[in-house]
Amino acid sequence: MSTDVQTLTLIRPDDWHLHVRDGQVMQSVLPHTARQFGRAIIMPNLQPPVVSTDQALAYRDRILAALEGTEGPKGPFTPLMTLYLTDNTTPDEIRRAKASGAVYAVKLYPAGATTNSDAGVTDLLGKCRAVLEVMQEVGMPLLVHGEVTDPDVDIFDREAVFIDRVMVPLRHDFPELKVVFEHLTTREGAQYVETADGPVAATITAHHLLYNRNALFMGGVRPHYYCLPVLKREKHREALLAAATGTSGRFFLGTDSAPHARHAKEAACGCAGCYTALHALELYATAFDSVGKLDALEAFASLNGPGFYGLEPNANTVTLERAAMTVPAELPYGDETIVPLAAGETLGWRQVQ
Ligand code: NCD
Ligand code: ZN
Ligand code: ZN
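Residues numbered from 1 in each chain as written. Chains lettered and ligands numbered in written order. Predicted model: local features only at pLDDT ≥ 70, side-chain atom pairs only at ≥ 80, totals over all residues. Heavy atoms only, no water.

1. Remarks on the side chain of Thr89
Logical step 1: Take Thr89: it is sitting in the loop between β4 (78–84) and α3 (91–100).
Logical step 2: Judged by its relative accessible area of 13%, Thr89 falls in the buried class.
Logical step 3: For Thr89, the side chain forms a polar contact with the main-chain nitrogen of Thr86, separated by 2.9 Å.
Logical step 4: Ignoring any residue separated from it by four or fewer positions in sequence, one finds Thr89 in contact with Tyr84, Ile94 and Val131. (Helix = DSSP H or I, 4+ residues; strand = E, 2+ residues; numbered from the N terminus. Buried < 20%, exposed > 50% of the residue type's maximum accessible area, 1.4 Å probe, protein only. Polar contact = N/O pair within 3.5 Å; in protein donor to acceptor, adjacent residues only side chain to side chain. Contact = heavy atoms within 4.5 Å.)

Set out below in structure tokens:
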């Protein structure tokens, strides 16, 4: 496929890392995801977090109900639920989650690492050993927010340090555990995932493929480009783009679309998270196109994720056309508004069906 291609038809992609929040705002964000993706891994960092199978099933019902109430074009959409790992998660809870058939993974948030992570794990290999044992046994993937929280570690180094302090010992003790390094942001992370032994993979967001840390400070502070892990230097963006467009099969699409109302981001202490559910495929296509690798997008968006999770790819397709898409300045978000990533910018691709 050459870069002068005008349309791009892909097996319907999935989003392997998504925040849809809860309550009324879900009706604002879910149709965006359902229009582009067949399935999405739903992050459990609600307040309070989704720590039990019962809570995950109830949350799933609320998501499906919210989708029922929305208008407009949408494909078949399946939420894939996750549990929020805490120091108190039990092995029995993992078995219940697996038996439910609706919970596809367990999420590790190091305590205090990111939005709504106060209930997260304080010492993974100290407190969660029995749970990790059962996850490894039943084939339940561990999804990691891969940053240390030690305030002595520079914020731009927290992912690389997490590899040495957590990933290497974890993989040593649980070599068969499926692990997804979520929202990968560094060259060190990409190298680690590409070369690690055993079932290790990573999701990559569109914003980490399109922007480096300069985007945070262009002419002044830009809160809508602030997420965690924070945008890094250009050399890291280039390494991520090489990983995403490469052939290892270990990297797949995870938007980390993380909606926060406009006022919560444009604040003295603004929330971390970029909203990309509206235009995720357009953003990814623009990134892949920038290096002449549109032909690698289907593996990244539609095949590698199902392959890792042991699921079939979706049966239908989506089509994008090479056409200007101007990203809206803001969108409704319940009673409030949200500013999408790249608001006001023009992308080179647009979904047509
Ligand atoms: C996410 C959120 O807002 O829930 N924020 C973010 O910056 N990525 C949490 C997360 O994925 O770390
Ligand atoms: Zn995270
Ligand atoms: Zn996230």
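2. Focus on the nonpolar core
Logical step 1: Core analysis: the largest hydrophobic core is formed by 103 residues, its most contacted members being Leu132, Leu170 and Phe181.
Logical step 2: Per-element tally for this core: the top contributor is helix α11 (residues 280–290), with seven residues.
Logical step 3: Once residues within four sequence positions are removed from consideration, Leu132 is found in contact with Leu124, Leu125, Leu142, Leu170, Phe174 and Leu177.
Logical step 4: Formed by 13 residues, the second largest nonpolar core is a distinct cluster that contains Ile41, Met43, Ala105 and Ala201. (Core = buried A, V, L, I, M, F, W, Y, C linked by side-chain atoms within 4.5 Å.)

3. Section: the packing of helix α1 (residues 26–36) against helix α2 (residues 53–68)
Logical step 1: Where α1 meets α2, the closest approach of the two axes is 9 Å, and the angle between their N-to-C directions is 80°. Judged on the interaxial angle alone, α2 and α1 are roughly perpendicular. Across the interface between the two elements, Met26, Gln27, Leu30, Pro31 and Ala34 from α1 touch Tyr59, Arg62, Ile63, Ala66 and Leu67 from α2.
Logical step 2: Across the contact of α1 with α2, the residue classes tally to eight nonpolar, one polar and one charged. (Axes fitted to C-alpha atoms, helices over the stretch in contact; angles between N-to-C directions. Parallel < 35°, antiparallel > 145°, perpendicular 65-115°, else oblique. Nonpolar A, V, L, I, M, F, W, Y, C, P; charged D, E, K, R; others polar.)

4. A look at the site of ligand 1
Logical step 1: The local shell around ligand 1 holds 15 residues, among which Asn45, Thr114, Leu228, Asp256 and His260 are the closest.
Logical step 2: In the model, an oxygen atom of ligand 1 is placed 2.8 Å from a nitrogen or oxygen of the Arg21 side chain.
Logical step 3: Between an oxygen atom of ligand 1 and a main-chain N or O atom of Leu228, the distance comes to 2.8 Å.
Logical step 4: The pocket occupied by ligand 1, as judged from atoms lying within 2 Å of grid points, is the largest cavity.
Logical step 5: Of the residues contributing to the shell around ligand 1, the split by class is four nonpolar, nine polar and two charged. (Near = heavy atom within 4 Å. 1 Å grid on protein atoms, 1.4 Å probe; cavity = no way out; pocket = protein on both sides within 12 Å on 5 of 7 lines; lining within 4 Å. Sits in = over half its atoms within 2 Å of the grid points.)

5. What to know about helix α5 (residues 129–138)
Logical step 1: Turning to α5, its buried residues are Val131, Leu132, Val134, Met135 and Gln136.
Logical step 2: Considering only its buried residues, α5 is in contact with α3, β5 (103–108), α4 (124–127), β6 (142–144) and α6 (158–173).
Logical step 3: Immediately beyond the C-terminal end of α5, within one or two residues, lies Gly139, with a positive phi of roughly 75°.

6. Notes on the coordination of the zinc ion (ligand 3)
Metal coordination angles have textbook ideals: 109.5 degrees for a tetrahedral set of four donors and 90 or 180 degrees for an octahedral set of six.
Logical step 1: Taken together, the protein ligands of the zinc ion (ligand 3) are His17 (NE2), His19 (NE2) and Asp256 (OD), with distances of 2.0 Å.
Logical step 2: Geometry at the zinc ion (ligand 3) is tetrahedral, judged from its four donor atoms and the angles of 93 to 132° they form at the metal.
Logical step 3: Donor residues for the zinc ion (ligand 3), ordered by position in the chain, follow H-x1-H-x236-D. (Donors = N, O, S within 2.8 Å, 3.2 Å for Na, K, Ca; no water. Tetrahedral: all angles 85-135°; square planar, octahedral: opposite > 155°, others 65-115°.)

7. Points about the coordination of the zinc ion (ligand 2)
Logical step 1: Around the zinc ion (ligand 2), the donor atoms from the protein are His145 (ND1) and His183 (NE2), and they sit 2.0 to 2.1 Å away.
Logical step 2: One way to put it: the four donor atoms around the zinc ion (ligand 2) meet at angles of 54 to 149°, and that makes the site irregular.
Logical step 3: In this structure, the zinc ion (ligand 2) lies 3.9 Å away from the zinc ion (ligand 3). Placement of His145 in the loop between β6 and α6 and of His183 in the loop between β7 (179–181) and α7 (187–195) is noted, with a sequence separation of 38 residues between them.

8. With respect to the sheet that holds β4
Logical step 1: Read across the open sheet, the eight strands follow the order β2-β3-β4-β5-β6-β7-β8-β9; overall the sheet is parallel. The strands lining the two open edges of the sheet, one partner per strand, are β2 (15–18) and β9 (251–253). On average, each strand axis in the sheet is tilted by 30° relative to the strand beside it, whichever way the strands run.
Logical step 2: Of the pairings in the sheet, the one linking strand β3 (residues 39–42) to β4 comprises three bridges and is parallel in character. Across the sheet, the residue bridging to Arg39 is Thr78, located in β4.
Logical step 3: The sheet strands contacting α2 are β3, β4 and β5, and the helix crosses β4 at an angle near 150°. (Pairing = 2+ DSSP bridges.)

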